[in-house]
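Chain residues, written in single-letter form:
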There are 2 protein chains.
Amino acid sequence: MSATIHRLSRNSAPSLEPMMSLVAEDLNSVNAVILARMQSRIPLIPELAGHLIAGGGKRMRPMLTLACARLLDYAGTRHHRLAAAVEFIHTATLLHDDVVDGSAMRRGKRTANMIWGNNASVLVGDFLFSRSFELMVEDGSLKVLKILANASAVIAEGEVNQLTAQRRIETDEDQYLDIIGAKTAALFAAACRIAAVVAERPEAEELALDAYGRNLGIAFQLVDDAIDYVSDGETMGKDTGDDFRDGKITLPVILAYARGNEADRKFWKETMSGLHGDNADLAHAQSLLAATGAIDDTLARARHYGQRAIDAIGMFGNARAKAALTEAVEFAIARAY
Amino acid sequence: MSATIHRLSRNSAPSLEPMMSLVAEDLNSVNAVILARMQSRIPLIPELAGHLIAGGGKRMRPMLTLACARLLDYAGTRHHRLAAAVEFIHTATLLHDDVVDGSAMRRGKRTANMIWGNNASVLVGDFLFSRSFELMVEDGSLKVLKILANASAVIAEGEVNQLTAQRRIETDEDQYLDIIGAKTAALFAAACRIAAVVAERPEAEELALDAYGRNLGIAFQLVDDAIDYVSDGETMGKDTGDDFRDGKITLPVILAYARGNEADRKFWKETMSGLHGDNADLAHAQSLLAATGAIDDTLARARHYGQRAIDAIGMFGNARAKAALTEAVEFAIARAY
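By the naming in an unreviewed UniProt entry, chain A is Octaprenyl-diphosphate synthase, taken from Sphingobium lignivorans. The record in UniProt for chain A states the following under Sequence similarities (unreviewed entry): "Belongs to the FPP/GGPP synthase family." Recorded in UniProt under Cofactor (unreviewed entry), the annotation for chain A is "Mg(2+)".

Participant: Which residues make up the overall build of chain A, and what are the values?
Facilitator: Scanning chain A for helices and strands turns up 17 helices and two strands. Against the compact-globule benchmark of 20 Å for 337 residues, chain A has a radius of gyration of 20 Å, which places it among compact chains. Across its three principal directions, the C-alpha atoms of chain A cover 60 × 50 × 35 Å. Of the contacts made within chain A by residues no fewer than 6 positions apart, 76% connect residues no fewer than 24 positions apart. Summed over all atoms, the accessible surface of chain A reaches about 12,500 Å², with 49% contributed by carbon and sulfur. Within chain A, the 44 negative side-chain charges are centred at a point lying 3 Å from the centre of the 36 positive side-chain charges.

Participant: Which residues make up the interface of chain A and chain B, and what values do they have?
Facilitator: Frequently, the measure chosen for interface size is the accessible area removed from exposure when the parts meet. Across the contact, 36 residues belong to chain A and 36 residues belong to chain B. Here chain A packs against chain B, burying approximately 3,500 Å² in sum over the two surfaces, 71% of which is carbon and sulfur. For the pair chain A and chain B, the number of links is two salt bridges. Where chain A touches chain B, the interface holds 12 residue pairs in polar contact (both at pLDDT 80 or more). Secondary structure elements with two or more residues in the side of chain A that touches chain B: α3 (44–53), α5 (78–101), α7 (118–139) and α8 (142–165) of chain A. Of the residues forming the side of chain A that touches chain B, the biggest block, 14 residues, is contributed by α8(A).

What counts and what doesn't
Residues numbered from 1 in each chain as written. Chains lettered and ligands numbered in written order. Predicted model: local features only at pLDDT ≥ 70, side-chain atom pairs only at ≥ 80, totals over all residues. Heavy atoms only, no water. UniProt positions renumbered as here; feature names shortened; annotations may be inferred. Helix = DSSP H or I, 4+ residues; strand = E, 2+ residues; numbered from the N terminus. Rg over C-alpha atoms; globule rule 2.2 N^0.38 Å. Contact = heavy atoms within 4.5 Å. Areas by Shrake-Rupley, 256 points an atom, 1.4 Å probe, with all protein chains shown as cover. Lys, Arg positive; Asp, Glu negative; His and termini not counted. Charge placed at Lys NZ, Arg CZ, Asp CG, Glu CD. Buried area = accessible area lost by both parts, 1.4 Å probe. Salt bridge = Lys/Arg side-chain N within 4 Å of Asp/Glu carboxyl O. Polar contact = N/O pair within 3.5 Å; in protein donor to acceptor, adjacent residues only side chain to side chain.

Encoded structure:
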């Protein structure tokens, strides 16, 4: 962990534990909403949705909504339903992502598309997405609806952008940040921001929470990108090198490509366009990433965004919630170490 | 055309012409909204969406919103944006449907999934779906949002239901009506109903328009189901026998199965489970459908729902709009003759 992150004094590695205990009771209520509202008279819907929703997810985004509401000392319960809506949007995008990427594993389990087929995953994703809007409509805040409808459109746009960028080695760091800002950080930002809306706080506080979520989301994704090249399957619940085999241009590759010599670039071009992709190629890719410092610097970028997330909530007073949200950032980054 | 439909005096076959001329100016405004709001800085999005949106669709659902608003003498413009939202929901479901069905042709053109791949179709569908909610949020009516969010969830549920029923010859008429009530009629109903909401009419009028749209939608789908076994490719813009080859249980099959002898049922069971499906099988299926009167009676059912649609709007006073909406029903049914 870099010294640029202000660490709280503690003996153990950073964890989500403080955030989890901060919102434990609220999260039970959210889980009850999730369970109740993923039901349908068509049995395949709760079966398929439940596989993913019950299956080992951290509930990171709903927890952020809940923790941010605590940060603002919000005493109501409107955010339970909205946190469930956020989790439904997230689940819908995961279902569609796994179809698009042809993924076989997620969170250490077989993906829904592998078990029930792409068709069922597409349609149940659509259902959860619609259901999330029903939950928002029940809450009745047009402001929340606007934030989450916009985030959803931005996510889909980011996914299409990534699809277009796939296997295009010319993707640069700005374009990449643009993609993950949309496909990952937009929902983190919205999940945090809506807490300020239900708590009826001024726009400056909405924007502060939005910035916290957005920067945390970017940090989170960058760490994921790094882990994909260094972890064993245990850590991620997916296999090392998935991004590599899919020709997914992530920041480690962008940095290694920019810093490499002619032979290295030729290698990256060929692998990203699908010419290589076996274990020997992956090992060579990993050695180039190490030699160029691409993994270390991806993580340095992640720490930068993590620090910005922490600074964004500096203005708030609730010390326990602030500490929990700070440690969540540290946890996101520490996963790589 | 059966005598059970009250026909307006006219010399020509029923057409959408009266509805089209009734709403021509409004439809231009809707098309402008559609064009403006399917844009994105990611070029693939308007390219793919435009292929389907510009590609020969009748704009049936937005026209219904507009014609129903005329029926109520609504003088505002809020329904333009909402009619565009309805068309976006419809387009999103078509994109996902074509992926799920593996369709190669729609409206006489190659499908988006064939040109740009399933992945792009899934993601651009998600984008249009999100964008439709953004349009509704801009309008600001929670009542409209509720109606369309609910319709979207019902559509997705209906699609999953159909996926489950696929190749299950035991599907009965009630279950089938349930499926098409969800996957087709729900959006027709919602498209009509929201006109009463923007015109701020009492609930009875909302329900009347809902009933008109719902019954028209069922009639429309039943006629489509019949046409799939009798048309040439020209009429439908898709090939005869598509449903047959996909093992899609539709009302003609349900009736022919119920009325057939043991050998016929064995044939239907085998074809629907994918054991047959060549041209000789299709010809045999068509002969069984003819022998059991299954096509004629599917169309008789369609006329029944068509009549209910027409009766549902009997209470309204605007004669021109009522005539146009009546002829739209007659057109939906006359397509089969």
